[in-house]
Amino acid sequence: MEPRLHHSTGSLSSSSGGSPVPPSSPSVPSLSSSSSSTRVASLILSPSAEDIKALIHAQGEDEDLATLLASASKDPVDAISEPFQPENDTSGNVEYKLKLVNPTPSRLEHLTSQLKWRLGEGMGEAIYEVGVEDNGAPTGLSEEDMKASLATLAIMAEKLSADMSILRDREGTHGKVAEVLIRRFAREDFLEVRVAVVGNVDSGKSTLLGVLTKGGLDNGRGLARQQVFRHKHEIETGRTSSISQEIMGFDSKGKVVNYTGVHGGLAPQEVTELSSKIINFIDLAGHEKYLRTTLFGMTGHAPDFAMLMIGANMGVVGMTKEHLGITLALRVPVFVVVTKIDMCPENVLKETMSQIKKILKSPGSRKIPVVIRSEDDVVVAARNFTSERIAPIFCVSNVTGMHLDLLRTFMNLLPARKNWEDLATQPTQFNIDATWTVQGVGTVISGTVMTGTISANESFLIGPDHAGEFLPVTVKSIHTKRLPVKQVHAGQTASLALKKVKRSSLRKGMCLVSSALKPVAVREFEAEVLVLYHSTTIQRGYEAVVHCGTTQQCARIIDIDRDVIRTGDKSKVRFRFQARPEFLQIGMRLIFREGKAKGIGRISQLFTTPLGAPSSSSSSSSSSSSSSSSSSASASGSSSAPSPASSASPVVSPASSAPSVPAADVLRTSGEGRAGYGHGHSHGGFHAHGRGRGASKRGGHSDPKK
C-alpha cells in the first residue's frame, strides 16, 4: 500500500532554531489558509496514479492543492480524525505509540530496544507519533497523559545517547497528538544528506548557499555568494563554473550549528564535530556552457535530493527545464526554491508560480506542486518527500530573510534516502571525482563511498588505467568534511591520501574498490535506453558522450535491436567506449547526449569481448548474483550498483522494461556547450595547493577536448 500524506494546522514547536515565521506573501496563497467558518484541519494525499491524475485535473492553475482539498472537507472534525497510514512494523523510522505512561522496568527496556531499532532504520533519526494507535487512528491523549508519555520518551532517548524535540502537536479525536523527532547526539559517525543545487544562471544558487551556511543575509549586490566562490573569475563574473560543496550542520535538537561561533560562523571541521546531521550542498553551474560539469555533479556525486532554484523575476527560463529533466531522468526527488521575491512585482511572481506549477504537473514531471507557507506544511512535506509524488515550493528572499526559517526546518527534517547501513556491509567501492597533490601529504583523491567501509592503512585496488588494469594502493589517511577520521562508510564523502602513488597515473572517473569485487574494466556494454530528444534518427555509428556515475566518455553505438530509433523510442543499444575501458556495473543509470540530442538508460549487460571477436566461452551467461543486485539497484537508484561482470564472459541482467522516466518534455530546451572540468573544492580536509587533474592556470578548468 502506498503511503498517505497527512496534514493539520495544529501548533508547532519550531526545531530549526530560526526566527518566527513572517507573514505570508499576499501574492501567493497560503497552504494552510482557512476561512472564518471552516478551519483547514487536515490534508490527505493518497499518491496513487488515479488520484493524482484526478487531483491535477481538478486543480486550477492558481489554486493550491490544500485549498482544493480543504474546500472538499465539509466537517473539520472528520478531517481531524482521519486515520494515518497503518504502522509499518518491518521497516522505517516512524513509530506509533498511543500511551507511554509509567512503564514497568521490563517494558521500558523493551521500548528502548524498539527505539534503538527505529533509530537504526532512520540512520540516527526516528519520528514517534504519540497518541496514535497502531492502526493509524489519531485517538489523542489528555494533557497529563501526554506529559507523562513525553517524559518516558525522553528517558528512552537518553539511554540511547539521543535527544528529542517536539515537531508539532495537534488535536485527535479524544485529545492531543504529538509528533516527536528523536536524533542521536553528535558523534563521529554522523548522518549525511547530499543536496544538489541546480537552476538557471543568475537564479541565486550560490547566494542562497552563502546565506544558509554562513548565517548572514545578502546585501542585494552579491555579498553572500563571495563566501562560497572558489575561483577569481567566478568572483568577477558572479557565475559558478565549478563544483563546490558547502555544509550545514544540525545538532540533536535540530538547531543550526553553523552560526554558533563567538566571532561569526564556525569552520567546517567545527561544524562537523558539533553536528548530528549534516546537509552537504553540491553547488552546480547554471550556465549552458558548463552543462558537462553540472551533469558530472548529478551523476558522479550521487545526490540524495535536488534543490531547483528559480528567480521570481525571471521565471522558468534557460537551463531550468534542462536541469529539471536531468533530476527526473536520474530519479532524484526535487523541491523548488523561488528566490528574489522581495524585488519581484506581484503580477510577475504570480506568473512565475503559474509556470512552475504547470511544468511540475506536465506529463514529463507528473508531480503535485505544494506551496510551503507554514511550519506544518514543512513537516508534512519532509515526511513524504521521498515518495517523489509531491514537489514542495518555497518562496524566499536572501535579502530580507523571508521564509528562510521554513527552508532550514525542511533541511533539518530531510530523511536519509537509502539504507547506507546495509550498503556498508558490502565490498568497498569508492568513486573518484577529483585528484589532488597536497604539499607534505602527497597524492589525494576525493569522492563518495558507495558501498563498504574504508579505514586508514587498508589496501585496495584502484583503476582502471588506460590498459584496463587495477593497481594495488594503500590508504595513508582519511579526511571527511576537513576533519581527520580513522574510517568512513557508505554514504559519506571523503578525501583519501594514498601511499606511493603518482597523481599523473590517476584521473577522475576511476574507482577505489575492494579486491573481493574482482573488478573488470569493460569497453563495451549494452543498455536499455529511452531517447528523450533527437532531431532526426539514431542508428549504428552514432557517437555521444555517456555520463554514468563518475564516468564521462564518448561512446559509439555499434549495435541496435532495430534499424533506427527516434524521439520517444525504447531500445536495447550496445555502446563501445572510444578512448579507454571503464569500470561499470549492471543496473547503473546513464545519460547520453550529443548537442541537443539526449537519452537515458540503464546498463543491462557488460562485455569483456569486443563485438565480432571470438569468445573463449559462450556468448552470454546468466549471473544470479548480478540479477539480484540489479533489481536492488533499480530500487535504490543509480548510486547503489550491484556486482561487476565476470572476467570470463558477458553478464545478462534479468529481462526488464526500459526505464520509464517520461522527461522528454522538459529536456528539449537547451543545447550542449563547452564544459569546465574544474572541481574547485575537496570533499575532505586536505587543502590542495594545486588544482584538479587537467586544470589550466585560468580558473582551474581544462579544455574538454583533452
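Residues numbered from 1 in each chain as written. Predicted model: local features only at pLDDT ≥ 70, side-chain atom pairs only at ≥ 80, totals over all residues. Heavy atoms only, no water.

Tallying secondary structure elements over the protein gives 15 helices and 30 strands in all. Across the 706 residues that make up the protein, the buried fraction comes to 59%. Of the roughly 27300 Å² that the protein leaves accessible, carbon and sulfur atoms contribute 50%. (Helix = DSSP H or I, 4+ residues; strand = E, 2+ residues; numbered from the N terminus. Buried < 20%, exposed > 50% of the residue type's maximum accessible area, 1.4 Å probe, protein only. Areas by Shrake-Rupley, 256 points an atom, 1.4 Å probe, with all protein chains shown as cover.)

This part covers the side chain of R574. Structurally, the position occupied by R574 is in strand β26 (residues 570–577). Here R574 falls in the buried class, since its relative accessible area comes to 8%. In this structure the side chain of R574 is engaged in a polar contact, spanning 2.6 Å, whose partner is the side chain of E524. Ignoring anything within four residues of it in the chain, the contact list for R574 reads E524, F525, E526, R556, I557, I558, D559, F607, T609, P610 and L611. (Polar contact = N/O pair within 3.5 Å; in protein donor to acceptor, adjacent residues only side chain to side chain. Contact = heavy atoms within 4.5 Å.)

Of all the 9 residues making up strand β7 (residues 191–199), 9 are buried; the element is thus mostly covered by neighbouring parts of the structure. Alignment of β7 against strand β9 (residues 277–283), held across 7 bridges, turns out to be parallel. The partner of V193 across the bridge, within β9, is I279. (Pairing = 2+ DSSP bridges.)

Taken in spatial order, the 4 strands line up as β3-β4-β6-β5 in an open sheet, and their pairing is mixed. Each edge of the open sheet carries a strand with a single partner, namely β3 (94–97) and β5 (162–171). The average undirected angle you get between the axes of adjacent strands in this sheet is 20°. Both strand β4 (residues 125–130) and strand β6 (residues 176–184) contribute to a ladder of 6 bridges, which runs antiparallel. Its bridge partner being in β6, A126 is matched across the sheet by I182. Against the sheet, helix α5 (residues 143–159) contacts β4, β5 and β6, and its axis sits at roughly 10° relative to β6. (Axes fitted to C-alpha atoms, helices over the stretch in contact; angles between N-to-C directions.)

The general pattern is negative phi for most residues beyond glycine and trans for most peptide bonds. Look at the link from G463 to P464: it is a cis peptide, with omega at 0°. Note that P464 resides in the loop between β17 (459–463) and β18 (471–480). Not every positive phi belongs to a glycine, and K481 is a case in point at roughly 55°. Tracing the backbone through its elements, the reader meets K481 in the loop between β18 and β19 (483–485).

Attention shifts here to the pattern of salt bridges. Applying the stated criterion across every chain yields a total of 23 salt bridges. With its nearest N and O atoms 2.7 Å apart, the salt bridge here joins E524 to R576. In this pair, E524 sits in strand β23 (residues 524–533) while R576 sits in strand β26, placing the two residues 52 residues apart along the sequence. For R576, a relative accessible area of 27% gives the class partly exposed. Because the salt bridges share partners, they merge into one network encompassing E129, R168, R170, E179 and R383. (Salt bridge = Lys/Arg side-chain N within 4 Å of Asp/Glu carboxyl O.)

Turning our attention to the environment of E351. Looking at where E351 falls in the secondary structure, it is placed in helix α11 (residues 346–361). Of the residues examined, E351 reaches a relative accessible area of 44% and is grouped as partly exposed. As a C-alpha pair, E351 and M314 span 37 residues in sequence and 10.0 Å in three-dimensional space.

Following the criterion strictly, the structure yields 0 disulfides and no others. Here C344 is not cross-linked by a disulfide; its sulfur's nearest cysteine counterpart is in C395, at 9.8 Å. Using a relative accessible area of 11% as the deciding quantity, one classes C344 as buried. In this structure C511 is a free cysteine whose sulfur lies 9.9 Å from that of C548, the closest cysteine sulfur available. What makes C511 buried here is its relative accessible area of 3%. (Disulfide = S-S within 2.5 Å.)

Turning to the packing of aromatic side chains, a few remarks are in order. The geometry of an aromatic ring pair comes down to the distance between the two centres and the angle between the two planes. Summed over the entire model, instances satisfying the criterion amount to 10 aromatic pairs. Look at F335 and F385: their rings are 5.8 Å apart centre to centre, the planes differ by 75°, and that puts the pair in the edge-to-face class. You can see F335 sitting in strand β11 (residues 334–339) and its partner F385 sitting in the loop between α12 (375–384) and β13 (390–395), a full 50 residues away along the chain. We note that F335, like F385, is buried. A centroid spacing of 5.3 Å and a plane angle of 40° characterise the contact between F525 and F577, whose relative ring orientation is tilted. One end of the pair, F525, is in strand β23; the other, F577, is in strand β26, with 52 residues separating them in the sequence. For F525, a relative accessible area of 1% translates into the label buried. (Phe/Tyr/Trp six-rings, centres within 6.5 Å; stacked < 30°, edge-to-face > 60°.)

This part takes up the pairing of β17. For β17, a buried count of 4 out of 5 residues is recorded, marking the element as mostly surrounded by other parts of the structure. When β17 meets strand β22 (residues 511–513), the two strands line up antiparallel, connected through 3 bridges. The partner of I462 across the bridge, within β22, is L512.

With 44 residues, the main nonpolar core has F281, M307, F335 and F394 as its most contacted residues. Tallying contributions element by element places helix α13 (residues 404–413) first for this core, with 6 residues. Formed by 39 residues, the second largest nonpolar core is a distinct cluster that contains L295, L328, L330 and C344. (Core = buried A, V, L, I, M, F, W, Y, C linked by side-chain atoms within 4.5 Å.)

Residue-level pLDDT values for the protein average 77, and 73% of them are 70 or greater. Confidence over residues 615–649 falls short of pLDDT 50; this stretch has 66 contacts with residues more than four positions distant or in other chains. (pLDDT = per-residue confidence, 0-100.)

What follows deals with the sheet that holds β13. Strands sit in the order β8-β9-β7-β10-β11-β13-β12 across an open sheet of 7 strands; the sheet is mixed. Unpaired on one side and paired on the other, β8 (244–250) and β12 (368–371) mark the two borders of the sheet. Across the sheet, the axes of successive neighbouring strands diverge by a mean angle of 25°, strand direction being ignored. Packing against the sheet, helix α6 (residues 205–214) makes contact with β7, β8, β9, β10 (305–311) and β11, and its axis sits at approximately 160° to β9.

So, about the packing of α12 against α13. Orientation of α12 relative to α13, taken along the N-to-C sense of each, is 30°, at an axis distance of 9 Å. Regarding the angle of α12 to α13, the classification is roughly parallel. For the crossing formed where α12 meets α13, the hand is right-handed. Contact residues: E375, V378, V379, A381 and A382 in α12; D405, L406, T409, F410 and L413 in α13. Broken down by class, the residue content of the contact of α12 with α13 amounts to 7 nonpolar, 1 polar and 2 charged. (Parallel < 35°, antiparallel > 145°, perpendicular 65-115°, else oblique. Left-handed = near helix turned anticlockwise from the far one by under 90°. Nonpolar A, V, L, I, M, F, W, Y, C, P; charged D, E, K, R; others polar.)

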